[in-house]
Amino acid sequence: MGSADDRRFEVLRAIVADFVSTKEPVGSKTLVERHNLGVSSATVRNDMAVLEAEGFITQPHTSSGRIPTEKGYREFVDRLDHVKPMSAPERRAILTFLESGHDLDDVLRRAVRLLAQLTRQVAVVQYPTLSTSTVRHLEVVSLGPARLLLVVITDTGRVDQRIVELGNPIDDHQLGQLREMLGTALDGKKLAAASVAVADLASQLDGSGGLGDAVGRSATVLLETLVEHTEERLLMGGTANLTRNTADFGGSLRSVLEALEEQVIVLKLLDAQQQAGKVTVRIGHETEHEQMAGTSVVSTTYGTMDTVYGGMGVLGPTRMDYPGTISSVAAVALYIGEVLGTR
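On a predicted model such as this, the values are computed, not experimentally measured, just so you know. (Residues numbered from 1 in each chain as written. Predicted model: local features only at pLDDT ≥ 70, side-chain atom pairs only at ≥ 80, totals over all residues. Heavy atoms only, no water.)

A. Spotlight on the overall build of the protein chain. Regarding its fold elements, the protein chain presents 12 helices and 10 strands. Computed over the C-alpha atoms, the radius of gyration of the protein chain is 27 Å, more than 25% above the 20 Å expected from 2.2 N^0.38 for a compact globule of 343 residues. Judged by the C-alpha coordinates and their principal axes, the protein chain covers about 90 × 40 × 35 Å. Here the protein chain holds 343 residues, and 48% of them are scored as buried. Restricting the contact set of the protein chain to residue pairs at least 6 apart, pairs at least 24 apart contribute 61%. Surface accessibility of the protein chain: about 16400 Å² in total, with carbon and sulfur atoms responsible for 50%. Charged side chains in the protein chain number 34 positive and 44 negative. The centres of these two groups are separated by 8 Å. (Helix = DSSP H or I, 4+ residues; strand = E, 2+ residues; numbered from the N terminus. Rg over C-alpha atoms; globule rule 2.2 N^0.38 Å. Buried < 20%, exposed > 50% of the residue type's maximum accessible area, 1.4 Å probe, protein only. Contact = heavy atoms within 4.5 Å. Areas by Shrake-Rupley, 256 points an atom, 1.4 Å probe, with all protein chains shown as cover. Lys, Arg positive; Asp, Glu negative; His and termini not counted. Charge placed at Lys NZ, Arg CZ, Asp CG, Glu CD.)

Written out as structure tokens, the structure is:
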């Protein structure tokens, strides 16, 4: 790329930085005063004229400065050569805060609250999808001669508890047999494979050593737990942050809030982010939803080295601190995966 193009990008970078910081259109004189561009005001004005003609910036009012367009933000993000990493104390603080979570729900609630505070945007975290989960442990607890509690724990930290009402009572020895039988069938299997194993177990009642009723009823209850549900769960925090930037959305803030309330659009955006460890930035109409006009979504996945648990990210106006937001989203995602992967 020629030096003129490089210089114009530096002008665009400066306009983005100033507009994000001040919310005010940026003029050539201001750019020369605030940034070490190494050229005259006349050259900057010429560069701004070219950038405007190419659709990277626009003039919102006659005789005013310029502001970035969606295309300008896209160019800025695509050419980010450095995202400021968090300091060691900041990383330790994030990890310590998340590690203090008592269970999956608590860890994810903390992650949402933390991400909203770091970015001053709306933070969203998708609960681990069942299709990626593996059964870590199955516990069978006797609540009485003919009543059992089944506890299914997955590698993502999800804990499901189900009551089984038996037709015939079982003794402690039979309880041990049932526990071993179900545990052998399920432990270490992906949920889809675990549901097949349970169904197979239920079809082999004749060889269950007198535990036919207990195996059959337990299998029925487990299948309801293991088969993936159609609904997804989403945690959200920091919605009030949108109201600090009402002007950024023009007249579309209400539609954005309605989209967040329905959650379906946000879940689709998170589901579209599948590449582990990569942060994706969708700007304005790139979200492909008219209700999200004027917004940007910075998202990624969280999980372990070999398993994606779910999506997460932040949503805010296109006038966003992209380098800082990308850094925060990446860091929180990394540490959620670390915390959940060690439990």
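B. Examining unusual backbone geometry more closely. The phi torsion at Lys23 lies on the positive side, around 65°, for a residue other than glycine. Following the sequence through the fold, Lys23 ends up in the loop between α1 (3-22) and α2 (28-34). Accessibility expressed as a relative area gives 44% for Lys23, which makes it partly exposed. Unlike most non-glycine residues, Arg120 shows phi in positive territory, near 60°. Relative to the helices and strands, Arg120 resides in the loop between α6 (104-119) and β3 (122-126).

C. Structural context of the packing of aromatic side chains. Applying the stated criterion across every chain yields a total of two aromatic pairs. Seen in terms of ring centroids, Tyr73 and Tyr322 are 5.6 Å apart; in terms of plane orientation they differ by 55°. Their pairing is tilted. Placement of the pair is Tyr73 in helix α4 (residues 70-78) and Tyr322 in helix α12 (residues 322-341), with a sequence separation of 249 residues. The class for Tyr73 is buried, based on a relative accessible area of 2%. Judged by centre distance (6.2 Å) and plane angle (85°), the rings of Tyr302 and Tyr309 are edge-to-face. (Phe/Tyr/Trp six-rings, centres within 6.5 Å; stacked < 30°, edge-to-face > 60°.)

D. Region of the structure containing the pattern of salt bridges. Scanning the entire structure with this criterion turns up 17 salt bridges. Among the salt bridges present, the one from Asp5 reaches Arg8, with a minimum N-O distance of 3.4 Å. Here Asp5 and its partner Arg8 are both found in helix α1, three residues apart, which amounts to about one turn of the helix. On the accessibility criterion, Asp5 (36% relative accessible area) is partly exposed. One continuous salt-bridge network, built from bridges that share partners, spans Asp5, Arg7, Arg8 and Asp47. (Salt bridge = Lys/Arg side-chain N within 4 Å of Asp/Glu carboxyl O.)

E. Structural detail: the side chain of Ser28. As for its position among the elements, Ser28 is in helix α2. Taking relative accessible area as the criterion, Ser28 reaches 12% and is therefore assigned buried. Ignoring sequence-local partners within four residues, the contact set of Ser28 consists of Ser41, Val44, Arg45 and Met48.

F. Structural context of the packing of α6 against α12. Between α6 and α12, the least distance of the axes is 10 Å, while the angle of their chain directions is 165°. Taken together, α6 and α12 sit at an angle that is classed as roughly antiparallel. Pair α6 / α12 crosses with right-handed handedness. Note on element contacts: α12 touches α6 through Thr325, Ser328, Val329, Val332, Ile336, Val339 and Leu340, opposite Leu104, Val107, Leu108, Ala111, Leu114, Leu115, Leu118 and Thr119. (Axes fitted to C-alpha atoms, helices over the stretch in contact; angles between N-to-C directions. Parallel < 35°, antiparallel > 145°, perpendicular 65-115°, else oblique. Left-handed = near helix turned anticlockwise from the far one by under 90°.)

What is shown is where atoms sit, not what they do.
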